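Chain by chain, the residues run as shown.
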Amino acid sequence: MVVSLLLYLMFSIGIFFLPKILRKYTSVWIAFLQVGVFSFFLTRIPNIINGEVLSAAITWVPALDLNLSFILDGFSLSFALLISGIGAMVFFYAQAYMKKYAGTDRFILFLTLFSGAMLGMVLSENLIQLFIFWELTSVLSFLLITFFHEKEEARKAAFQSLYITAFGGLSLLAGIILLGTIPGSYSLNEWIASAEAIRESSLYLPGLLLILLGVVTKSAQFPFHFWLPGAMQAPTPVSSYLHSATMVKAGFFLLARLHPVLGGTSEWMYIISSVGVITMFMGVYFAVTKTELKSILAYTTINALGVLVLLMGIDTQLSIKAALLFLFVHALYKATLFMVAGLIDKKAGTKEFSSLGGLARTMPLTFVITSLSALSMAGIPPMLGFLGKELIYEAKVQLPGISSVILVIGVAANILLVAVSLTFIYRIFLVKRTTDKPIPKEDRKSWLLLAPAMLAILSLLFGLFPKILGGTLIESALGSVIDGAGDVKLKLWHGFNDVFFLSLFTVVAGFMLTYLMNTKQMLLKNWQAFNERIVRFSLSDKFLSGVDGFVGFADKKTQIIQHGYHRYYIMTIMVLAAVAMWYQFYASGAQLTINNPGTIPYYMAGLVLVSVFAVVMAMFSRSRLAAIVAMGVVGYGIALVFMYYGAIDLAITQILAETLIVVLFVLVMQKMPRFLRLSDKKQRVRDLVIAIGFGTVMTLVTIQSMDISLQPAISDFFIENSWSKAFGKNVVNVILVDFRAMDTLGEIIVLAVAALGVSMLLKKGGKA
Amino acid sequence: MEIIMAIFVGILYAAGVYLLLRRSILKFIIGILFFSNATNLLVFLSAGLIPGGAAFVGEKSANGTVLTDPLPQALVLTAVVIGLGVVAFTLALKYKYFEVSGTDDLDEMKQEKSETNLKEEK
């Protein structure tokens, strides 16, 4: 299981090391990997049916409860088979489809990693790990959608899908962490074990909502559905894969995975089923009036996702059984239909209904394949889709309470879906050809045809012999979603009951609607115009302009804060520091106490006076030399203050440093222009006010600080041991060269580096 | 005496801030120096002042038996030396900058930058 994941990673990188001859067939190479993985999972079916749950774990960060842990039960096995099985077909198809594009290797790399991430997600047992794979699929699908990055639309659509799904992903993470506090773990098994506690916790509703936000964004539910039609900008193999077995199904996967933990409450039921109902109807409603193949299919995907979510929301054993069956139904027909759409696009050079028609004669095989799949989509026997639809109706009919609303909307949606499916066949293959475009021929040996053909045949086969699927996979999958689920028996023929009559009504009404739409052109036109008007308030555009607005806001804000004027940055810092300190004084109500006022020797008073005079001089002098000399006077004055208080070493150092600094200043000054009055009077007064405010508060701080007694233990240690251990009487000296010698070494290194820098900068002729 | 020293520290800080807000780079560097001098004094004064009391073992300070706290002195000594390094390096940097740009105005540094950006974009 884990090995298969690693294989995806190795193979995806491996394509760059293939020998030249094989490089043309990279996609086939990956397809074989998919076949291999698919067969591995097939061989696990007997184990799973016997009720085994395979698991594997790798310790990663045990302290954070982050372990790579994988689980293979009936449910994840179903997904794994879909991902690898349909994946294999998609890669075979891509081999033929992508032949003429540049950058195929990059494409195959992303698509392979994408399947790997998807597989990793469905096998995850640790929810944080599941989240990581979840986000990986978002990022990789962004890279796939933006494959034709020269097109602005593709870039926009890709960003839109990334924004929405990544936003949902973050919300999902928040939900997982929130609910993870209840069992104190992110392991799915432990969540299930403490499901009662989670459901009764007050965190349940916020956690559920956060997780649902992740689900509805990923699975393109209303009101986040709009990224999915945009994602058709991707190359067709991607659409085929994303829409059928992967990406958008991730939301449904998570719902079903967490159903044992979060399901069964009325919040779950009402929120999820209402989102599902709206999405289901809206998707197919907009699909009816579309005329472009891929866009029709994208909207029917929204419809199908709505159905899946709705069924999870209805939350009965029957509805979940229906959902699991419908998962297979939809994956099989949607992958096929997208592949066919891509094939027709290749051969006929268009995806528009208006330039198609009459292809049944020249492309008979394509016609058959498309019809089988479209009939499956419409839910017409003997296709698998019929079984799916029957089961869905059954689930809805058996519902108490609000069921009638759901049932009515469901039937209406299905009538529309029948119309969409039949129109799809009719407009491509049967209607009389009206364009003068060259009539395409089909190429029977191409993977473009073989891949969808195999999937269509599977649709038919499972429809005719539903036991292959029902008794095995769906039964064990159902077992992992609900406890103690019974047997699953699927039959094509149920007898004359109310479900049958509903189906019959749906199909007949669908036929009639198709007939009306394709004969009364005016009706269709008006309908299209009406829908266009709704779509004009498109959420997609609103979303994009919102994003632009946000970026613009951030830009403006940055220009205000990051103005690039050095002194205003300093001013901000100083003003804030001064205000903070003033506030601290005010808030603490500190009393200023002056100990030991003492008398001032006249020479010290004189010294301070001279120094202050020099300070003012340095501030306002127009002469550079005067300013520098004044600066030197201040420095020597401070040295004398040090001396007065007996700090001899300090005084010496200060004098040496100050002398050196004055010399340096004079050296540099020679080459400098005279001082100019660069600021006007207003600015100077403002700066002076700030400076005085800062200086006053620092005076207060100084007075306060004299009361603080520093930790005496350290000083006492130095004083006591200075003579006995280091044989030095000058304690300051001993500290520097003995006790803290390493620090002094560091200081010397700093000085040496500064000296190096100075000498390099002053070198003549050196480049700046 | 202490209050006089505290006011002196305040004046030094005020001068430092004022000079840091100048556009002339030379004045700016003097500002750095004043700022660091003021901070050195602040740390030094926080040790508690005893006139003439050197931190020598065996010596007695003028007014009694207490030895001046040696620790702040050691810290300030390090700071003085590092301050020298900082100022020397800043001065050299300014020297080079003037050689290249021919200006002593900090505000022009911003315009220079945006001009070079424009050139790069072109």
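Residue positions are counted from 1 within each chain, in the order its sequence is given. For naming, the first written chain is A and the first written ligand is 1, with later ones following in the order written. Since the coordinates come from a predicted model, pLDDT governs what is reported: local features require at least 70, and pairs of side-chain atoms require 80 or more to be given and counted, while whole-chain, interface and lining totals use all residues. Computation of side-chain values covers all heavy atoms of the structure but excludes hydrogens and water.

**Some points on the nonpolar core**
How we decide: We define the nonpolar core as a collection of buried residues of types Ala, Val, Leu, Ile, Met, Phe, Trp, Tyr and Cys that are connected through side-chain atoms lying within 4.5 Å of one another. Accessibility here uses a 1.4 Å probe with only protein chains present; expressed as a share of the type maximum, an area under 20% marks a residue as buried, one over 50% as exposed, and anything in between as partly exposed. By definition, any uninterrupted DSSP run of H or I lasting at least four residues is a helix, any uninterrupted run of E lasting at least two residues is a strand, and each is numbered from the N terminus. Whether two residues touch is decided by their heavy atoms; if any such pair falls within 4.5 Å, the residues are in contact.
Counting 193 residues, the largest nonpolar core has A:Phe41, A:Ile86, A:Phe107, A:Leu119, A:Leu262, A:Ile344 and A:Ile428 as its most contacted members. When residues in this core are grouped by element, the largest group, 22 residues, is from helix H16 (residues 317–348) of chain A. Not counting the four nearest positions on each side in its chain, A:Ile344 is found in contact with A:Leu293, A:Gly349, A:Thr350, A:Leu356, A:Leu359, A:Ile428 and A:Phe429. A:Met571, A:Ala630, B:Val17 and B:Leu71 belong to the second largest nonpolar core, which has 87 residues in total.

**Examining the pattern of salt bridges**
All names here are of chain A. Stated precisely, the cut-off is as follows: The rule for a salt bridge is simple: a side-chain nitrogen of Lys or Arg has to be within 4 Å of a carboxyl oxygen of Asp or Glu.
Counted according to the given criterion, the structure contains 7 salt bridges over all chains. Across the pair glutamate 292 and lysine 351 runs a salt bridge, and its minimum N-O distance is 3.7 Å. Of the two residues, glutamate 292 is situated in the loop between helix H14 (266–288) and helix H15 (293–314) and lysine 351 in the loop between H16 and helix H17 (364–378); the sequence distance between them amounts to 59 residues. For lysine 351, a relative accessible area of 23% translates into the label partly exposed. Salt-bridge contacts for aspartate 687 lead to arginine 686; the nearest nitrogen and oxygen are separated by 3.3 Å.

**Things to note about the environment of A:Ile272**
Residue and element names in this part refer to chain A. Take isoleucine 272: it is sitting in helix H14. We classify isoleucine 272 as buried; its relative accessible area is 2%. Note: C-alpha distance between isoleucine 272 and isoleucine 457 (185 residues apart in sequence) is 34 Å. Sequence-distant contacts of isoleucine 272, that is, excluding residues within four places in its chain, are made with Leu212, Leu255, Glu267, Val309, Met312 and Gly313.

**Things to note about empty space enclosed by the protein**
Residue and element names in this part refer to chain A. We count it as follows: Of the two site types, the cavity is a set of points on a 1 Å grid over the protein atoms alone where a 1.4 Å probe fits but cannot get out, and the pocket is an open set with protein on both sides within 12 Å along at least five of seven lines, each lined by residues with an atom within 4 Å of a point. Grid points are joined across faces, edges and corners, and a volume is the space filled by probe spheres set on the points.
Taken as a whole, this structure holds 5 cavities of 30 Å³ or more when the rule is applied. Approximately 140 Å³ is the volume found for the largest cavity. Along the walls of the largest cavity sit 18 residues, with Phe326, Lys389, Ile392, Asn414 and Leu417 positioned nearest its centre. Put simply, the parts of the chain that give the lining of the largest cavity at least two residues each are H15, H16, H17, helix H18 (384–397) and helix H19 (403–430). The dominant element in the lining of the largest cavity, judged by the number of residues it contributes, is H18, at 5 residues. As a volume, the second largest cavity reaches approximately 90 Å³.

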